[in-house]
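Observations on chain architecture
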Amino acid sequence: MTSPAPLYRERFGRPPEILITSPGRVNLIGEHTDYNDGLVLPAAINRAIVVAAGLNDANRIRLYAAAFDAPVEFPATAPAEVPLAGWARYAQGVAIQLAARGVILRGVDAVIAGDLPIGSGLSSSAALEIAMALALEHAAGVTVPPRERALLCHQAEVEFVGVPCGIMDQFAVSLCRRGHALFLDCRSLDTHHIPLPADVVLAVCDTGVRRSLQDSRYADRRHECEAAVRLLQARRPAMASLRDVTPDDLPLVDDLPAPLRGRGRHVVTENVRVIETARALESGDTGRLREIFLASHHSLRDDYGVSSPELDAMVAAALEAPGCLAARLTGAGFGGAVVALVCRDRQDAFLKAVARGYRRRTNRTGTYFTSQATGGAEATAT
Ligand code: GLA
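Just so you know, these numbers come straight off a predicted model, no measurement behind them. (Residues numbered from 1 in each chain as written. Predicted model: local features only at pLDDT ≥ 70, side-chain atom pairs only at ≥ 80, totals over all residues. Heavy atoms only, no water.)

1. What to know about the pattern of salt bridges
Formally: Put simply, a salt bridge is a Lys or Arg side-chain nitrogen that is within 4 Å of an Asp or Glu carboxyl oxygen. Working definition: helices are DSSP H or I runs of at least four residues, strands are E runs of at least two. Numbering for both runs from the N terminus. Whether a residue is buried, partly exposed or exposed follows from its accessible area with a 1.4 Å probe, protein chains only, as a fraction of its type maximum: under 20%, in between, or over 50%, in that order.
Summed over all chains, the structure comprises 21 salt bridges. Between Glu224 and Arg263 there is a salt bridge, and its shortest N-O distance comes to 2.6 Å. Residue Glu224 is located in helix H6 (residues 216–233), and its partner Arg263 is located in helix H8 (residues 260–282); the two are separated by 39 residues in the primary sequence. Note on accessibility: Glu224 and Arg263 belong to one class, buried. Across the salt bridge formed by Glu320 and Arg360, the nearest N and O atoms sit 3.2 Å from each other. Of this pair, Glu320 sits in helix H10 (residues 309–320) while Arg360 sits in helix H11 (residues 347–362); the two residues are 40 residues apart in sequence, bridging distant segments of the chain. By relative accessible area, which is 45% here, Glu320 ends up partly exposed. Given the relative accessible area of 59%, Arg360 is considered exposed. Salt bridges sharing common partners tie together Glu31, Glu270, Arg273 and Arg328.

2. Quick word on the site of the ligand
Rule in force here: Residue proximity to a molecule or strand is established when one non-hydrogen atom of the residue lies within 4 Å of it. We define a polar contact as two N or O atoms separated by no more than 3.5 Å, with the added condition that, inside protein, one atom must be a possible hydrogen donor and the other a possible acceptor, whereas residues neighbouring each other in sequence contribute only through side-chain atom pairs. Surface accessibility follows the Shrake-Rupley procedure with a 1.4 Å probe radius. Residue values consider only the protein chains on display as shielding.
For the ligand, the set of nearby residues contains 13 residues, the closest of which are Glu31, His32, Asp34, Asp169 and Tyr218. Asp34 is positioned such that a nitrogen or oxygen atom in its side chain is 2.5 Å from an oxygen atom of the ligand. Protein burial of the ligand: of its 300 Å² of free accessible surface, 98% is covered by the chains.

3. Quick word on the pairing of strand E10 (residues 324–330)
Note the threshold: Two strands qualify as a pair provided that DSSP identifies no fewer than 2 bridges between them.
Within E10, six of the seven residues are buried, which leaves it mostly tucked inside the rest of the structure. As judged from the six bridges shared by E10 and strand E11 (residues 337–343), these two strands associate in the antiparallel manner. The residue of E11 that forms the bridge with Ala327 is Ala340. What sits between the antiparallel neighbours E10 and E11 is a turn of six residues, in which Gly331 has the positive phi angle 85 degrees.

4. A short note on the nonpolar core
As a reminder of what qualifies: Joining through side-chain atoms within 4.5 Å is the link that ties buried Ala, Val, Leu, Ile, Met, Phe, Trp, Tyr and Cys residues into a set, and such a set is a nonpolar core. Any two residues whose heavy atoms approach within 4.5 Å are treated as being in contact.
Counting 118 residues, the largest nonpolar core has Leu28, Leu63 and Phe350 as its most contacted members. Top contributing element to this core by residue count: helix H3 (residues 124–140), with 12 residues. Those residues in contact with Leu63, other than ones at most four positions away along the chain, are Ala70, Pro71, Val72, Phe74, Trp87, Ala91, Ala110, Ile112 and Met132. Ala150, Met168, Phe171 and Ala172 belong to the second-largest nonpolar core, a separate cluster that totals 12 residues.

5. Focus: the side chain of Glu270
The topology assignment puts Glu270 in helix H8. Setting aside residues up to four positions removed in sequence, Glu270 forms contacts with Ile29, Gly30, Glu31, Thr33, Ser296 and Arg328.

Pasting the structure below:
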């Protein structure tokens, strides 16, 4: 990946002080469960947002995103003064959240670059937020603990950008560990790192169909889950969220009107699949993953209503490609990417075959790469 350091030097006339690498993520399983207090299992990937940053004495936060070729700036002492638009809002939201926690922000110059595709469901927003938090912390001379950083970045996205996302992405970008998936309980915030088999790689198969979480269908799903809980509470007042609904309670869920019945059933069964996946990985029983992932994909398609013809075609193409252990849509759905677990020594053959199979089914090209599970965001002095 090309470093943003030369661009930084060109724009600001001096070398950067730090380079921040903030990875994207795939979610192995546990989709649309995070905002229902449920379980998720993401892993960070080797595509990242990379930020070159250094202090300035202008007391301004000056940002330049290579992909958008548009410099923006705002005062460090009053980060909310002039509300910015587009990608810069994510950065500004993080500055506002840090300031709200009593961090005295100082002027910083930053160039934002990297190779993480935007809008493919690989968490480019969370990667940008966490990178900005690290840059602003560096300038302010403080270190926010990684969990708190994840929470404040999530709050920035929900409250300032206005995207009603769950906490999975910011936690994944912040806490993932190399070679591991991150098991996160979104209610207790307990985490543990689950080793992934060394002979398996993560394949990202992007349908090329873009979607945005600002898309109202994501918020619709959240509201449907809340509506399902309200109806369930009439019979079980102690149910605070769909997390409290066990597989034994599924007959209650089946009594709900459509589409709430399907939404509830997906969340309840998906939480079980996260546990099954974690157990299969921990016990080396990777043969089980195909069935679990496929059940998740079908549940997202039929009960949750977030798949698309392209995502279904990509999963079918992946499953028939050599070396594929398991495949399902990853992230919010409605477009974006499929994740597949692939035998390391078959990855080249897999990538060729999945591209061919997807093209045959949809007449579209798609983009494809494989990755190891990598570590979360980190800053290194230059
Ligand atoms: C997006 C959101 C996450 C999560 C997923 C669906 O990636 O940012 O919080 O809800 O969708 O699992």
